[in-house]
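Listed below, chain by chain, are the residues.
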Amino acid sequence: MSNIALITGATSGIGEACAHLFAREHYNLVLTGRRLGRLEKIAKELNNIYNVEVIVSSFDVREREQVINNLSSLPDKWKKVNVLINNAGLSQGLDPIQNGSYDDWETMIDTNIKGLLFVSKIVSGWMINNKSGHIINLGSIAGKEVYPNGNVYCATKHAVDALNKAMRIDLLPYSI
């Protein structure tokens with residue numbers, strides 16, 4: 001099998017655009033997201049346009065057991081991932097800190113930080129076994145500069161920036 005890219009949050013926006021970009025470059029794809037119907041539609045479209053193999057796995061990156069079960073159940077040939085695009089992420093609420101919603105905070109922290117970690121742990125293990133790979137964690141300018149009422153979202157994107165730097169150090173000995 002040729003190169004494989006695994007993309008989280010592939011049902012729309014940047015994730016879907018990444019899927020088209022990698023498919024155009026002849027990567028086979030593992031697309032993940034919460035909306036199975038969207039994933040299936042995009043997979044069919046990519047296969048028709050670019051003649052690449054695409055499989056989908058529908059789960060919520062916030063749910064550790066879903067991540068583990070879905071990624072672990074992929075056929076072995078699909079675990080030869082060359083590129084991981086950690087794209088799944090979101091912003092909820094635009095309140096000053098004192099008026100923020102606990103639910104919004106938990107959703108952003110669980111998606112933007114923990115989801116990235118859950119997926120990265122599994123896929124980086126595959127990459128270590130394969131002795132190579134690239135991990136791209138999509139962040140935001142909010143990971144460099146804060147803005148009014150963006151408190152928790154900005155904090156999660158600062159965390160993504162820190163994780164990028166730390167993962168680079170930890171995984172460099174494995175050519176990742």
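Computed from a prediction, not measured in an experiment: that's the story for all the values here.

**Thoughts on the sheet that holds strand 1 (residues 4–7)**
- With parallel pairing, five strands are arranged side by side in an open sheet as 3-2-1-4-5. At either margin of the open sheet sits one strand with a lone partner, and together these are strand 3 (54–58) and strand 5 (134–137). Pairwise comparison of adjacent strand axes, ignoring direction, gives a mean angle of 15° for this sheet.
- Direction of pairing for strand 1 relative to strand 2 (residues 28–33): parallel, over a ladder of four bridges. In the sheet register, Ala 5 faces strand 2, and the bridge partner there is Leu 29.

**Considerations on helix 1 (residues 13–24)**
- Given a rise of 1.5 Å per residue, 12 residues ought to cover 16 Å, and the 17 Å separating the end C-alpha atoms of helix 1 matches this to within 8%.
- Of all the residues in helix 1, the buried ones are Gly 15, Glu 16, Cys 18, Ala 19, His 20, Phe 22 and Ala 23.
- In this fold, the buried residues of helix 1 make contact with strand 1, strand 2, helix 2 (36–50) and strand 4 (83–86).
- Once helix 1 finishes, His 26 follows within two positions and takes phi at roughly 70°, a positive value.

**Concerning helix 5 (residues 151–171)**
- Compared with the 30 Å implied by 1.5 Å per residue over 21 residues, the 30 Å span of helix 5 between its first and last C-alpha is a close match.
- Buried residues along helix 5 sit against helix 4 (102–130) and strand 5.

**Here's the deal with unusual backbone geometry**
- Positioned with a positive phi, His 26 is a non-glycine residue whose angle comes to about 70°.
- Here Lys 131, not a glycine, exhibits a phi torsion of approximately 65°, which is positive.
- Examined against the element boundaries, Lys 131 turns out to sit in the loop between helix 4 and strand 5.
- Classification of Lys 131 by relative accessible area gives exposed; the value is 64%.

**Points about the layout of surface pockets**
- In this model, the largest pocket occupies a volume close to 300 Å³.
- Every residue lining the largest pocket is counted, 18 residues in all, and those nearest its centre are Gly 9, Thr 11, Arg 34, Ala 88 and Gly 89.
- Mapped by element, the contributors of at least two residues to the lining of the largest pocket are helix 1 and strand 2.
- For the lining of the largest pocket, the class distribution of residues is five nonpolar, nine polar and four charged.
- Quantified by volume, the second largest pocket comes out at close to 170 Å³.
- Along the walls of the second largest pocket sit Gly 133, His 134, Ile 135, Ile 136, Asn 137, Asn 164, Met 167, Arg 168, Leu 171 and Ile 176, which together make up its complete lining.
- Elements represented by at least two residues in the lining of the second largest pocket include exactly strand 5 and helix 5.
- When the residues that make up the lining of the second largest pocket are grouped by side-chain class, the tally is five nonpolar, four polar and one charged.

**Considerations on empty space enclosed by the protein**
- Overall, the coordinates contain two cavities of 30 Å³ or more when judged by the stated rule.
- There is about 70 Å³ of room inside the largest cavity.
- Along the wall of the largest cavity there are 14 residues; nearest its centre are Gln 92, Gly 93, Trp 105, Met 108 and Asn 151.
- Across the lining of the largest cavity, the residue classes break down as five nonpolar, seven polar and two charged.
- The volume enclosed by the second largest cavity comes to roughly 60 Å³.
- For the second largest cavity, the lining is made up of 13 residues, of which Thr 8, Asn 86, Asn 87, Ala 88 and Leu 116 are closest to its centre.

**What about the nonpolar core?**
- Core analysis: the biggest nonpolar cluster contains 24 residues, and Leu 6, Val 67, Leu 71, Val 81, Val 119, Val 123 and Trp 126 have the highest contact counts within it.
- Broken down by secondary-structure element, the contributors of at least two residues to this core are strand 1, helix 3 (64–72), helix 4 and helix 5.
- In terms of residue count, the dominant contributor to this core is helix 4 (eight residues).
- Beyond its immediate sequence surroundings of up to four residues, Trp 126 is in contact with Leu 6, Leu 71, Leu 74, Trp 78, Lys 79 and Val 81.
- Counting 18 residues, the second-largest nonpolar core is a separate cluster that includes Ala 23, Leu 29, Leu 39 and Leu 46.

Rules and cut-offs
Residues numbered from 1 in each chain as written. Predicted model: local features only at pLDDT ≥ 70, side-chain atom pairs only at ≥ 80, totals over all residues. Heavy atoms only, no water. Pairing = 2+ DSSP bridges. Helix = DSSP H or I, 4+ residues; strand = E, 2+ residues; numbered from the N terminus. Axes fitted to C-alpha atoms, helices over the stretch in contact; angles between N-to-C directions. Expected span 1.5 Å × (residues − 1). Buried < 20%, exposed > 50% of the residue type's maximum accessible area, 1.4 Å probe, protein only. Contact = heavy atoms within 4.5 Å. 1 Å grid on protein atoms, 1.4 Å probe; cavity = no way out; pocket = protein on both sides within 12 Å on 5 of 7 lines; lining within 4 Å. Points joined across faces, edges and corners; volume = space filled by probe spheres on them. Nonpolar A, V, L, I, M, F, W, Y, C, P; charged D, E, K, R; others polar. Core = buried A, V, L, I, M, F, W, Y, C linked by side-chain atoms within 4.5 Å.

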